[in-house]
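Close look at the chain arrangement
Listed below are the residues making up each chain.
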Amino acid sequence: YKLSVAPEMDIMEYCRKEWRGNTPVAKRMRKGYEAVAQKFASIRRVRGDNYCALRATLFQALSQATQLPSWLQSEDFTVLSEKLLSKYDWIKQWQLKQKLGRKMGEISEEIKEYLILLRKKWKSISEIKGPIEKQEACDKLFKNEEEEYSLYEALKFLMLNTAIELYNDDKNGRRVPVFSWLLFARDTSSNPCQLMHNHLNHIGHSGGLEQVEMFLLAYALQYTIQVYRLYKYSTDEFITLYPNDPEEDWPVVTLITEDDRHYNIPVRMCQETML
């Protein structure tokens, strides 16, 4: 089995290996890594397919989970796919990961399985008390391709559900976050159906998450995603928060990117930072 999240490595050692030259870009990346190294001791490389933003975020969320988020506890959670499919026929064109011999009508059952798996894994990992055991359980999960990719399908479906809620809120005159206008202002996603066809269906296959979809992921999980964007070092976008006005009680996960396409994860907060 390939591990989707590589073992940890000293952050500055990783940086020296990756950025040797004296080009302006290499110098900026080294400065960026030095700044991250003030807070975190190590880095874990995330497998670079088009799921890496989902993978890095979920891995970080599970690694530090101590309880089941309230939205995962709700009664309605597991019937979400039936509920949405009964209202929106177009969701039948949801692009599930390839399985042989799938019949059209099974989509709701299959997504339900993924949602149940997400709840089950989150619950079991959050109940593990010891940090070493918790880490081992996460590593084990991210070595199991079948389960791991099923979890990404669940996350994508939650993103669709969140997008539908935001779209309807806006149509009904309720206040929505600014990113929601940006999401639906794109020619390729002026409504949730287009968002599904042109964006969500492609995540993991032919494309990753765009910036505005990082906000959608954060809202779907009710987590603040803090990203060190190394190529923006020494600008005010070096540390970007999704959403930028997070809810007080949302937990925070931290990622690192060199280009807004591929994400790795910093681990082991330095002692001073934790105090």
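The protein chain is annotated in an unreviewed UniProt entry as OTUL thioesterase from Glareola pratincola.

Some thoughts on the sheet that holds strand E1 (residues 9-10)
Note on sheets: strands pair through backbone hydrogen bonds, and any given pair is parallel or antiparallel. Strand order across the open sheet formed by 6 strands is E1-E2-E6-E5-E3-E4, with mixed pairing between neighbours. Every other strand in the sheet has two partners, leaving E1 and strand E4 (239-242) as the edge strands with one partner each. Sheet topology places E1 next to strand E2 (residues 40-44); 2 bridges connect them, and they run antiparallel. By the bridge assignment for E2, Met 9 is matched with Ile 43. This element, helix H2 (residues 24-37), spans E2, strand E3 (224-229), strand E5 (252-257) and strand E6 (263-269) of the sheet and lies at about 120° to E2.

Looking at a negative patch on the surface
Negative charge collects at one region of the surface, where Asp 245, Glu 247, Glu 248 and Asp 249 lie side by side. Residue classification places Asp 249 among the exposed residues on the basis of a relative accessible area of 66%.

Some words on the nonpolar core
Side chains of a nonpolar character, in soluble globular proteins, are inclined to be buried together. Among the nonpolar cores identified, the biggest contains 73 residues, and Trp 94, Leu 118 and Trp 122 are the most heavily contacted of them. The element that contributes the greatest number of residues to this core is helix H8 (residues 145-171), accounting for 12 residues. In contact with Trp 94, not counting residues within four places along its chain, are Ile 107, Ile 111, Glu 153, Lys 156, Phe 157, Leu 160, Met 196, Leu 200 and Asn 201. By size, the runner-up hydrophobic cluster in this structure holds 15 residues, among which are Ile 11, Trp 19, Tyr 33 and Leu 230.

The rules behind the values
Going along each chain's sequence as written, the residues are numbered from 1 onward. This being a predicted model, a pLDDT of at least 70 is required before a residue's local features are given, and a value of 80 or more before pairs of side-chain atoms are given or counted; all residues contribute to the totals for chains, interfaces and linings. Values reported for side chains reflect all heavy atoms of the structure, with hydrogen atoms and water molecules removed beforehand. Following DSSP output, two strands are said to pair if at least two bridges run between them. Secondary structure elements are defined from DSSP: runs of H or I of at least 4 residues count as helices, runs of E of at least 2 residues count as strands, and each element is numbered from the N terminus. Two residues form a contact once any of their heavy atoms are found within 4.5 Å. Here an angle of 0 to 180 degrees is reported between the N-to-C directions of two axes, which are lines fitted to C-alpha atoms, with helices fitted over the stretch in contact. Surface patches are drawn from residues lacking salt bridges whose relative accessible area is over 30%; two like charges belong together within 9 Å, two nonpolar side chains (Val, Leu, Ile, Met, Phe, Trp, Tyr) within 5 Å. Every accessible area reported is derived by Shrake-Rupley at a probe size of 1.4 Å, with residue values counting cover from the shown protein chains alone. For this document, the term salt bridge refers to a Lys or Arg side-chain nitrogen within 4 Å of an Asp or Glu carboxyl oxygen. Under the convention used here, Asp and Glu are negative, Lys and Arg are positive, and both His and the chain ends fall outside the count. A single reference atom marks each charge: NZ on Lys, CZ on Arg, CG on Asp, CD on Glu. Here's how the labels work: a residue is buried when its accessible area is under 20% of the maximum for its type, exposed when over 50%, partly exposed in between, all with a 1.4 Å probe on protein chains only. The definition of a nonpolar core used throughout is a set of buried Ala, Val, Leu, Ile, Met, Phe, Trp, Tyr and Cys residues joined through side-chain atoms within 4.5 Å.

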